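# Structural description and commentary
If you want the building blocks of each chain, they are given just below.
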Amino acid sequence: MHALFDDAGKFLAGRILSEAETSAQIELDSGKRVKAKAANILLKFDKPAPAELLAQAREIAATIELPLAWEFAPEDEFGFADLARDYFSANAPVTEQAGMLIALFEAPHYFRRAGKGRFKKAPAEILQQALAAIEKKKQIQAQIDAWAAELAAGTCPQPIREQLYKILFKPDKNAPEYKAVVEASRQTHKAPLALLQEAGAIDSSYQFHWKRFLFENFPKGTGFPPLAAPQPPEDLPLADVQAYSIDDSQTTEIDDALSVRGLGTGVVTVGIHIAAPGLAIQPGGELDKLGRARLSTVYMPGYKITMLPDEVVQIYTLDEGRANPAVSLYVTVDEATLAITATETRLERVPVAVNLRHDQLDHIVTEAWLQDHSIEHENTPQALLDLRWQLSFLYRFAKQLKAGREQVRGKPESFNRPDYNFRLEGNGKAEPTGNETVRISTRQRGAPLDLIVAEAAIVANSHWGQMLADHGVPGIYRSQASLAPGIKVRMSTKALPHAGMGVKCYTWATSPLRRYVDLVNQWQIIACARHGKTAALAAPFKPKDAELFSIISSFDATYSAYNGYQAGMERFWTLKYLEQNGITEIDATVIRDGMPGGDFLVRADSLPLVLPVLGAQGLSRGARVRVKLGQIDEITLDVNGTLLARLDDPLDASDDGPVDEDEDDTVAGPIAIAVDINETDGAGSETGAGQPG
């Protein structure tokens, strides 16, 4: 005797070895013996053999017309054998009964299961809905198959092109467009990005990176809603100074300016003046919400997305020829020893005499020019000549400040590499297309004007950080426990030392027009300047305020994404520069020497480019080499190199290339990999000095 039984929704058949009241021992064709409950045994039969029964039953099930079977089925609950006798004949054999069982079980839209071998036909309305859904699913699957075939043949369907960034970076895995890409990728054995690229889904490599960035960070676009620009307070006193800013020519958000009084008297007052949008933008207001949503201005070669609307920036930027609202730190300095003897913070309007542009003046304002006033250059602007003595003093003061920080730091700062400036010709201020001609120029870190601005920012940020702590007012700080490898800069609400900067504590408060944490800190600083010892009661953010922790968390993630995009776009334009200038070989320095499991990485000597090389085995960090460049991929931002020759003497370390202590040896890799960058503000420095505007 044989039996057909239900084993967890799967129909099996075998020979009955023994049978009890509630169960039976059954041997399958494989020889395996199983125990089946009596309630699960649906048919008992002598012929045919179990395997033959199942094979015939599946063939019969495929021939059953389900709509006709549904018509034959009674309204009440019924057994599969009863419907088999109504559908086939009154003497339906066991194979037809088993076929009906399988057909009913596999058609839940026609027949609902009501128990072991028992069914009830679905109501007509429900059946029609189910059939419509099945038909729609078939049509969708047919569309998926058609799209997959087009992709495999090298053509991208328009619906997939329109969903490109969503498919690649934030996919809805139930969407037919996504499923078509997955199916085509499986058929062609190609990665989705490579498949779509070959199918022509990506018209422009630049637009691919740009639209991906917007998709992930600005899904609603980069425009601002119409908002009234708040005017600064009218009762601010006018400062008795003539200030000047030092920025790049492209800077429009001028956050900081300097002034000097008292030269030659023995006591000099240095003014560090910071634009003060915090005097009018109110915490919790609409402009605050805008700033908090964006958290920072986004920089990239040839373009930027500002944190605040331009009409707001224009009110508070420190433009020349007018008196601008500012939070000013006045530092009293002994002219002989350059020691700081006193400080004072004021809220005021600061007259700005001139906006100096370092990229136009660095070739003039050299260390020699500042130290020897007999040196003259043709076409030196009169405004610069008028400030020569002040800049000379500020440069001496900046070097003193830097030396003091390095003493605390325990070792000199090591920045041997230059900063690189990118200029795109042909786009003006419009959004780049990727076809512009790119010019890359260098600017050595620590140039006099750069050092003056950087050290002034460090003085302000460290002093105001300590002032907040002394008044019991919380702020957003940046700290670094030590210079040991792997110890990174972190943001918190505690005034902790910053080992990398060599200061007791450090905030970001000197770029409130372009960084939201600076604006938050400015609100807190303004409270201290206005209320003194009672500032903690008046400050917008109180100690242990959960909002500050939320801001830190959001800012860290967003700022990292912005900086990652900036680094990626600088790499993109560097690769464009290679192509546009026909550069196939470069001189470079080994910056990673192939540790076990790692690549040999080199940094180009005259371009902002890091890449892996083949054939560099045995070379150590600092070795200078000539490298032949491989094929450039503008989508993955990838380029490899092959070692051609070693340029230095292996036995003479004096001719090794420069390698900074905290060398960033990250390569912008395939597009699916997040770009990693140094812990900076996107301009190569913790202070923000020299950041493009």
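Residues numbered from 1 in each chain as written. Predicted model: local features only at pLDDT ≥ 70, side-chain atom pairs only at ≥ 80, totals over all residues. Heavy atoms only, no water.

Time to look at the overall build of the protein chain. Looking only at helices and strands, the protein chain has 20 helices and 24 strands in total. Relative to a compact globule of 693 residues, whose C-alpha radius of gyration would be 26 Å, the protein chain shows 37 Å and is clearly more extended. In terms of overall dimensions, the protein chain has C-alpha extents of about 120 × 65 × 50 Å along its principal axes. The buried share of the protein chain, taken over its 693 residues, is 50%. Long-range contacts, defined here as pairs at least 24 residues apart, represent 65% of the contacts in the protein chain between residues at least 6 apart. Accessible area for the protein chain stands at about 32300 Å²; split by element, carbon and sulfur atoms hold 51% of it. Across the protein chain, 71 positive and 92 negative side-chain charges occur, with their mean positions spaced 6 Å apart. (Helix = DSSP H or I, 4+ residues; strand = E, 2+ residues; numbered from the N terminus. Rg over C-alpha atoms; globule rule 2.2 N^0.38 Å. Buried < 20%, exposed > 50% of the residue type's maximum accessible area, 1.4 Å probe, protein only. Contact = heavy atoms within 4.5 Å. Areas by Shrake-Rupley, 256 points an atom, 1.4 Å probe, with all protein chains shown as cover. Lys, Arg positive; Asp, Glu negative; His and termini not counted. Charge placed at Lys NZ, Arg CZ, Asp CG, Glu CD.)

The next thing to look at is the state of the cysteines. By the definition in use, this model includes zero disulfides. Cys528 supplies the cysteine sulfur nearest to Cys505, a cysteine that is in no disulfide, at a spacing of 12 Å. Owing to a relative accessible area of 2%, Cys505 belongs among the buried residues under this scheme. (Disulfide = S-S within 2.5 Å.)

Taken as a whole and assessed by the stated rule, the structure comprises 23 aromatic pairs. Judged by centre distance (4.9 Å) and plane angle (80°), the rings of Tyr87 and Phe88 are edge-to-face. Residue class for Tyr87 comes out buried when judged on its relative accessible area of 17%. When its relative accessible area of 26% is taken as the criterion, Phe88 is described as partly exposed. For the ring pair Phe393 and Phe397, a centre distance of 6.1 Å and an interplane angle of 15° mean the geometry is stacked. Separated by four residues within a single helix, Phe393 and Phe397 lie in helix H16 (residues 388-409), roughly one turn from each other. Given a relative accessible area of 2%, Phe393 falls into the buried group. By relative accessible area, Phe397 is classed as buried at 5%. Of note, Arg212 hangs over the ring of Phe169, and the distance from its end group to the ring centre comes to 4.0 Å. Sitting above the plane of the Phe224 ring, Arg294 keeps its charged end 3.9 Å from the centroid. (Phe/Tyr/Trp six-rings, centres within 6.5 Å; stacked < 30°, edge-to-face > 60°. Lys NZ or Arg CZ within 6 Å of the ring centre and 35° of its normal.)

Another aspect to go through is the pattern of salt bridges. This structure, assessed with the given rule, holds 28 salt bridges. Glu27 is paired through a salt bridge with Arg15; the nearest N and O atoms lie 2.8 Å apart. Here the residue Glu27 occupies a position in strand S3 (residues 23-28), and Arg15 occupies one in strand S2 (residues 10-19), the gap between them amounting to 12 residues. According to the relative accessible area criterion, Arg15 is partly exposed, its value standing at 40%. Through salt bridges with shared partners, a single network forms among Arg15, Glu27 and Arg33. (Salt bridge = Lys/Arg side-chain N within 4 Å of Asp/Glu carboxyl O.)

Moving on to helix H10 (residues 205-217). With 13 residues, H10 extends 18 Å from end C-alpha to end C-alpha; this agrees with the ideal 18 Å at 1.5 Å per step. Residues of H10 that are buried sit in contact with helix H7 (164-169), helix H9 (192-198), strand S12 (298-300), strand S13 (303-305) and helix H20 (546-580). (Expected span 1.5 Å × (residues − 1).)

Moving on, we come to helix H5 (residues 124-152). For H5, with 29 residues, the first-to-last C-alpha span of 42 Å sits near the 42 Å given by 1.5 Å per residue. Within H5, burial applies to Leu127, Ile144, Trp147, Ala148 and Leu151. Among the structural elements, helix H2 (66-72), helix H6 (158-162), helix H8 (176-188) and H9 are those in contact with the buried residues of H5. Phi turns positive, to about 95°, at Gly154, one or two residues after H5.

So, on to the sheet that holds strand S22 (residues 610-614). What the five strands build is a closed barrel, ordered S20-S21-S22-S24-S23; its pairing is mixed. Averaged over all adjacent pairs, the angle separating strand axes in this sheet is 55°, with direction ignored. One ladder, built from two bridges, connects S22 with strand S24 (residues 641-646); its direction is parallel. When the bridges of S24 are listed, Leu614 appears paired with Thr642. (Pairing = 2+ DSSP bridges. Axes fitted to C-alpha atoms, helices over the stretch in contact; angles between N-to-C directions.)

Turning to the nonpolar core, a few remarks are in order. A general feature of soluble globular proteins is that nonpolar side chains tend to end up buried together. Ranked by internal contacts, the top residues of the largest apolar core, which has 53 residues, are Tyr244, Ile272, Leu391, Phe393 and Trp464. If you tally residues by element for this core, the top one is helix H17 (residues 448-470), at 10 residues. Contacts of Leu391, omitting those with residues within four sequence positions, involve Tyr244, Ile246, Leu370, Leu384, Leu449 and Ile452. Listed in part, the 41 residues of the second largest apolar core include Ala243, Ala275, Ala326 and Ile476. (Core = buried A, V, L, I, M, F, W, Y, C linked by side-chain atoms within 4.5 Å.)

Strands sit in the order S6-S8-S7 across an open sheet of three strands; the sheet is antiparallel. Whereas interior strands pair on both sides, the edge strands pair on one side only; in this sheet they are strand S6 (78-79) and strand S7 (111-115). Relative to strand S8 (residues 118-121), S7 runs antiparallel, the two sharing four bridges. Looking at the pairing, Arg113 lines up with Phe119 of S8. Taken strand by strand, helix H4 (residues 94-105) contacts S6, S7 and S8, and its axis lies near 55° from that of S8.

This part takes up the packing of H17 against helix H18 (residues 516-531). The N-to-C vectors of H17 and H18 enclose an angle of 60°; their axes lie 10 Å apart at closest approach. In terms of orientation, H17 and H18 fall into the oblique class. Of the two elements, H17 crosses H18, and the hand of that crossing is left-handed. Every residue of H18 that contacts H17 at Trp464, Met467 and Leu468 is listed here: Asn521, Gln524, Ile525 and Cys528. (Parallel < 35°, antiparallel > 145°, perpendicular 65-115°, else oblique. Left-handed = near helix turned anticlockwise from the far one by under 90°.)

What follows concerns the pairing of strand S5 (residues 41-45). Burial analysis of S5 places four of its five residues in the buried class, which makes it a mostly covered element. As paired strands, strand S1 (residues 2-7) and S5 are joined by four bridges and run antiparallel to one another. Note that in S5 the partner of Phe5 across the bridge is Ile41.

Among the secondary structure elements, Thr222 is positioned in the loop between H10 and strand S9 (243-247). Expressed as a C-alpha distance, the spacing of Thr222 and Thr306, which sit 84 residues apart in the sequence, is 8.8 Å. If we ignore the near neighbours within four places in the chain, the residues touching Thr222 are Leu214, Arg294 and Ile305.

A few words now on the environment of Ala184. Examined against the element boundaries, Ala184 turns out to sit in helix H8. Assessed through its relative accessible area of 0%, Ala184 is described here as buried. The sequence separation of Ala184 and Ala149 amounts to 35 residues, and the corresponding C-alpha distance is 6.8 Å. In contact with Ala184, not counting residues within four places along its chain, are Ala148, Leu151, Ala152 and Leu195.

The next thing to look at is unusual backbone geometry. The linkage connecting Lys47 with the following residue, Pro48, adopts the cis geometry, with an omega of -5°. Along the chain, Pro48 falls in the loop between S5 and helix H1 (50-63). Despite not being glycine, Leu295 has its phi angle at roughly 75°, a positive value. Looking at where Leu295 falls in the secondary structure, it is placed in the loop between helix H11 (286-294) and S12. Using a relative accessible area of 3% as the deciding quantity, one classes Leu295 as buried. Phi at Leu338 is positive, roughly 65°, even though this residue is not glycine. Structurally, Leu338 can be placed in the loop between strand S14 (322-334) and strand S15 (340-357).

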